[in-house]
Amino acid sequence: MSALSVKDLNQLLTILDAENVANQSVEALASQLGVFNKQEYFKVGNALVMLLQNADLLPSPSQRLAAVLLLHELFKPDAQNFHPFSSVFVQLLADESSAKRPESYRLPKLSPPEKIYLSHLITNPQKDMYKKTLRQILNLETTNSMADISALQTSLSERLSDYTSASKSRIPAILSMPDVRQGFDPALPDSSAIKKTAEALVMGPNAAIQESVGPEFVRLAPPLFCPDELVWIDPIGEADHTIAYDTTVCIPRGAGSEARRLISQAFTGSLTLLQQNRLLSELERDSRLVYHVGITPNKLPALVENNPLIAIEVLLRLMQSSQITEYLSVLVNMEMSLHSMEVVNRLTTAVELPTEFVHLYISNCISTCETIKDRYMQNRLVRLVCVFLQSLIRNKIINVQELFIEVQAFCIGFSRIREAAALFRLLKQLDSGDQSGLNTTSSIASFPGLSSLSAPSFNSQASPVASAAKGKGE
């Protein structure tokens, strides 16, 4: 049997446990190999290589480093003994530019401190090197340079020269998924998931740990009595075979796939009314779908600028998310625009946002108006902000007394603009106790490009898609 037993695999995963391994010395780590029989060392080595080739099975840097060091300590090379996993160390220590294999089955990239330590451990191991903990190795100063491993590379090349071109073209049967795939947002596995996956890969009748895949050469019958007959048996030339990976693997084909496609399109351009309705119906059907369509905080500004109505609906559904503070922080700090103000205003009328968030956004709007150089754009943004603030005040979203000094100074600074003067008058009325100003509606229909920011749009509680449909009908 070529695979590890359940007991040995559990022992190996326990040694590599992230909570324990970071503070262990290399010497203490290597001593734990005594739990395995020496006859099982090669199987342990194969399991370690499999774990290294699948980054999600070793999620922390200390686990990755522990696996590399254990692989080295299994078979210590000397002048007469060739390490059976020398090709792994050569690939780990190679320059990134020299790596030719696709990412789907490439070993992990070591950090400079790890490369320096491993190269010296292979070429000239010292006793004090085994006293260092894995955490110390990861934080080593990179003032030293890597040791020369040309002797190891030469020895490996000599041994590989004995292999045929066909055998050197084979690849592992276990391929790790690419790190980034469009429409798929993977989550980090827990220890139980790692254990279950490792057991499925290295144990049982279908274990693939010892298997490899190579091109199957379908050859014609060689001509008889031909001097070049051996050419048919062993093809000449180095073949460079690569994997054609299907990027749609593990992406569900149910209703969620359509929502992911539309959200991906919404980041780069405006959706049609039909597409908006379709996306919102998908989100309505499954309340958890919004967490799995690839909407991250750093992608929110693109969604706001291209499809503000969709951004509003998405944020309303994310209000119960533990990451909502990150989404609101990105919204506050993004560049001020008509669409961002529309999103913020609609959120304030639909849910109760944190007061500090609303105040910070208002301060950001005022600061943007004061610092912009273009006079035309400055006037346009000031009008937007004034109408926005009037909407918040009339809807009693903000307590104007908390921002009175800042907003009053803003109105005085831009008193030449009609909307700023109107906002200033409203502030004075409220300061004197006159609440009649809250019952009037400001008109900005005469200002070009602001029809979507009129008072009815701000105060409407209707569905964003319905409002968009009404706007198209007008």
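For the protein chain, an unreviewed UniProt entry supplies the name CCR4-NOT transcription complex subunit 11 and the organism Daphnia sinensis. The record held by UniProt for the protein chain lists under Sequence similarities (unreviewed entry) the comment "Belongs to the CNOT11 family."

Next up on the list: the packing of helix α19 (residues 355-371) against helix α21 (residues 404-413). Between α19 and α21, whose axes approach to 11 Å, the crossing angle comes to 25°. Taken together, the axes of α19 and α21 lie roughly parallel to each other. Between α19 and α21 lies a crossing of left-handed hand. The residues of α21 that touch α19, namely those facing Ser 363, Ile 366 and Cys 369, are Glu 406, Val 407 and Phe 410. Considered class by class, the residues forming the contact of α19 with α21 number 4 nonpolar, 1 polar and 1 charged.

Looking at the protein chain as a whole, the pLDDT averages 75, with 72% of positions reaching at least 70. Within the protein chain, the lowest mean pLDDT, 35, falls on helix α24 (residues 464-473), and the highest, 92, falls on helix α15 (residues 300-306).

Our focus in this paragraph is the packing of aromatic side chains. Applying the stated rule across the entire model yields 5 aromatic pairs. With a centroid separation of 6.3 Å and 90° between ring planes, the pair formed by Tyr 41 and Phe 75 is classed as edge-to-face. Of this pair, Tyr 41 sits in helix α4 (residues 41-53) while Phe 75 is found in the loop between α5 (61-74) and α6 (86-93), placing the two residues 34 residues apart along the sequence. A single burial state applies to Tyr 41 and to Phe 75, both of which are buried. Chaining the aromatic ring pairs together yields one cluster made of Tyr 41, Phe 42, Phe 75 and Phe 85.

With that out of the way, let us pick up unusual backbone geometry. Despite not being glycine, Lys 396 has its phi angle at roughly 55°, a positive value. In this structure, Lys 396 sits in the loop between α20 (375-394) and α21.

Attention now moves to the nonpolar core. Counting 66 residues, the largest nonpolar core has Leu 331 and Ile 362 as its most contacted members. Per-element accounting of this core gives the leading share, 9 residues, to α20. Grouped together as the second largest cluster of nonpolar side chains are 52 residues, Leu 13, Val 21, Ala 66 and Leu 70 included.

Its 13 residues give helix α14 (residues 273-285) an end-to-end C-alpha distance of 18 Å, which sits within 8% of 18 Å, the value for a rise of 1.5 Å per residue. Turning to α14, its buried residues number three or more, namely Gln 275, Gln 276, Leu 279, Leu 280, Glu 282 and Leu 283. Axial view of α14: buried residues confined to an arc of 155°, hence all on one face. Turned more than 90 degrees off the buried face of α14, the exposed positions are Leu 274, Glu 284 and Arg 285.

This part is about the packing of α19 against α20. Viewed as axis vectors pointing N to C, α19 and α20 meet at an angle of 155°, and their least axial separation amounts to 9 Å. Relative to α20, α19 is oriented roughly antiparallel. Here the hand of the crossing between α19 and α20 comes out left-handed. The segment α19 lies against α20, with Val 358, Tyr 361, Ile 362, Cys 365, Thr 368, Cys 369 and Glu 370 engaging Gln 378, Leu 381, Val 382, Val 385, Phe 388, Leu 389 and Leu 392.

Summed over the entire model, instances satisfying the criterion amount to 0 disulfides. The closest cysteine sulfur to the non-disulfide-bonded Cys 365 is located on Cys 369, 6.9 Å from its own sulfur. The exposure class assigned to Cys 365 is buried, which follows from its relative accessible area of 0%.

Parameters and conventions
- Residues numbered from 1 in each chain as written.
- Predicted model: local features only at pLDDT ≥ 70, side-chain atom pairs only at ≥ 80, totals over all residues.
- Heavy atoms only, no water.
- UniProt positions renumbered as here; feature names shortened; annotations may be inferred.
- Axes fitted to C-alpha atoms, helices over the stretch in contact; angles between N-to-C directions.
- Helix = DSSP H or I, 4+ residues; strand = E, 2+ residues; numbered from the N terminus.
- Parallel < 35°, antiparallel > 145°, perpendicular 65-115°, else oblique.
- Left-handed = near helix turned anticlockwise from the far one by under 90°.
- Contact = heavy atoms within 4.5 Å.
- Nonpolar A, V, L, I, M, F, W, Y, C, P; charged D, E, K, R; others polar.
- pLDDT = per-residue confidence, 0-100.
- Phe/Tyr/Trp six-rings, centres within 6.5 Å; stacked < 30°, edge-to-face > 60°.
- Buried < 20%, exposed > 50% of the residue type's maximum accessible area, 1.4 Å probe, protein only.
- Core = buried A, V, L, I, M, F, W, Y, C linked by side-chain atoms within 4.5 Å.
- Expected span 1.5 Å × (residues − 1).
- Arc of directions from axis to C-beta.
- Disulfide = S-S within 2.5 Å.

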